[in-house]
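# Per-entry structural report
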Amino acid sequence: MSTGGPARAELGAELRVDVHTGSSTYVVGSRQDRPNLPETTCPFCPGGREAPEPYDVRWFVNRWPAMPDDRCEVVLYTPEHDATFWSLGADGARRVIDLWAERTAELGTRPDVDYVLVFENRGPEVGATIAHPHGQIYAFDVVPELPSRELARGTVFDEPGRRLVATAPGRRAVVPAAPIFPYALVLVPNAPVADLPSLDAAGRDGIALLLVDVLERLDRLFDAQTPSMLWIHQRPFDGGDWNGARLHVEIVAPWRAAEVPRFVAAGELGSSVFFNPVPPEEAAQSLREARR
């Protein structure tokens with residue numbers, strides 16, 4: 001059962017655009033004071049501050065939002081504190097996907113929302129402060145730059161060849177041809193689907209199976225709970241004609257070897273040209289072999 005929490009007090013945020021580069025940044029001084037770790041007990045476990053009642057999956061408005069107007073939400077995947085996404089199995093993952101779709105549909109109807117980004121940061125190495133399995137949703141009042149660029153290019157995905165990692169009914173997981181991070185995956189439906197709410201039951205089951213599959217592979221690859229970042233790109237909700245939009249899930253892991261981080265350095269940030277130490281074909285082979 002999915003339930004929302006009470007609205008949180010509004011915190012100031014100012015969207016600024018750099019006159020030199022044109023890049024956008026929200027300046028949110030209030031987030032500097034957000035807690036790094038739970039005080040004594042996990043706030044996401046049943047009975048905790050954000051989950052006072054039993055639940056299967058749950059969403060609530062973020063107490064420490066990056067943007068104003070209740071446009072930042074937290075999604076709890078399971079009441080089990082020590083679970084991983086892949087340990088939920090296909091049924092548990094399907095419940096999460098249903099909630100992602102439900103919240104996307106609800107947020108997408110708001111007149112002040114143009115784009116809904118579902119994402120997850122897993123592990124302290126990528127900034128997650130609470131270990132309990134969870135993700136977030138940001139509802140932007142603009143279409144952000146990266147999905148805008150993808151949409152302008154037509155959201156095209158090539159034939160993966162040796163970069164194919166896994167398949168599920170109606171979709172596949174591939175390593176991109178030119179990823180920034182050593183281990184990266186894109187989960188793509190074989191038939192065009194524009195957004196999460198448009199997925200039928202079979203489509204949701206397929207994504208659930210594939211997410212469970214590839215996230216387990218990442219953990220088994222390094223024999224650890226591998227830090228990772230996940231995000232979902234879908235059509236904007238700004239009322240435009242987005243016939244070329246194609247729903248897809250992207251996953252990246254910041255390790256190039258077990259507990260060895262891949263740092264994005266000055267030469268890359270200063271040029272926006274990146275240098276990946278792991279050939280994508282080798283990454284795909286390692287992930288194909290990383291099963292029980």
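Here we summarise the structure given alongside this text. (Residues numbered from 1 in each chain as written. Predicted model: local features only at pLDDT ≥ 70, side-chain atom pairs only at ≥ 80, totals over all residues. Heavy atoms only, no water.)

With that settled, consider the pattern of salt bridges. Any two side chains of opposite charge can pair, given that their charged atoms come close. Using the criterion set out here, one finds 14 salt bridges in the structure. The closest approach of N and O atoms between Arg-103 and Glu-73, which form a salt bridge, is 2.7 Å. With Arg-103 in helix α1 (residues 89–108) and Glu-73 in strand β4 (residues 72–76), this pair connects stretches of sequence that are 30 residues apart. Between Arg-149 and Glu-145 there is a salt bridge; the shortest N-O distance is 3.2 Å. With a gap of four residues between them, Arg-149 and Glu-145 both fall in helix α2 (residues 145–153), about one helical turn apart. One salt-bridge network, held together by shared partners, links Arg-94, Asp-98, Arg-204 and Asp-205. (Salt bridge = Lys/Arg side-chain N within 4 Å of Asp/Glu carboxyl O. Helix = DSSP H or I, 4+ residues; strand = E, 2+ residues; numbered from the N terminus.)

The side chains of a regular strand alternate between the sheet's two faces. Burial along strand β3 (residues 58–61) is two-sided: Arg-58 and Phe-60 and Trp-59 and Val-61, pointing in opposite directions, are all buried. Relative to β4, β3 runs antiparallel, the two being bridged by four bridges. By the bridge assignment for β4, Val-61 is matched with Glu-73. (Buried < 20%, exposed > 50% of the residue type's maximum accessible area, 1.4 Å probe, protein only. Pairing = 2+ DSSP bridges.)

So, on to the nonpolar core. If you look at soluble globular proteins, the nonpolar side chains tend to sit buried side by side. Formed by 52 residues in total, the largest nonpolar core has its most connected members in Trp-100, Leu-185, Leu-187, Leu-211 and Ile-251. In this structure Leu-211 touches Phe-85, Ile-97, Trp-100, Leu-187, Leu-230, Val-249 and Ile-251, once residues within four positions along its chain are discounted. Core analysis: the next-biggest nonpolar cluster, separate from the first, contains nine residues, Cys-42, Phe-44, Cys-45 and Leu-76 among them. (Core = buried A, V, L, I, M, F, W, Y, C linked by side-chain atoms within 4.5 Å. Contact = heavy atoms within 4.5 Å.)

Turning next to unusual backbone geometry. Positioned with a positive phi, Asp-69 is a non-glycine residue whose angle comes to about 65°. Counting through the fold element by element, Asp-69 comes out in the loop between β3 and β4. According to the relative accessible area criterion, Asp-69 is partly exposed, its value standing at 39%. Although it is not a glycine, Glu-259 adopts a positive phi angle of roughly 60°. In this structure, Glu-259 sits in the loop between β12 (255–257) and β13 (260–261).

Take helix α5 (residues 280–289) next. Taken as a whole, α5 has its buried residues at Pro-280, Ala-283, Ala-284 and Leu-287. Along the long axis of α5, the arc covered by the buried residues comes to 100°, so they all point the same way. Those residues of α5 that are buried are in contact with β7 (164–168), β9 (183–189) and α3 (201–222). (Arc of directions from axis to C-beta.)

Across all of its chains, the model carries eight aromatic pairs by this definition. The interplanar angle of 55° and the centroid separation of 5.7 Å between the aromatic rings of Phe-44 and Phe-60 together place this pair among those described as tilted. Taken together, the residues Phe-44 in the loop between β2 (24–27) and β3 and Phe-60 in strand β3 connect sequence positions 16 residues apart. According to the relative accessible area criterion, Phe-44 is buried, its value standing at 6%. Here the aromatic rings of Phe-222 and Trp-255 are separated by 5.5 Å at their centres, their planes lie at 80°, and the arrangement is edge-to-face. Separated by 33 residues along the polypeptide, Phe-222 in helix α3 and Trp-255 in strand β12 bring together distant segments of the chain. Under the relative-accessibility criterion, Trp-255 is labelled buried at 6%. Ring pairs connect the aromatic residues Tyr-77, Phe-85 and Trp-100, which therefore count as one cluster. Here the basic side chain of Arg-103 rests over the ring of Trp-59, its NZ or CZ set 3.7 Å away from the ring centre. (Phe/Tyr/Trp six-rings, centres within 6.5 Å; stacked < 30°, edge-to-face > 60°. Lys NZ or Arg CZ within 6 Å of the ring centre and 35° of its normal.)

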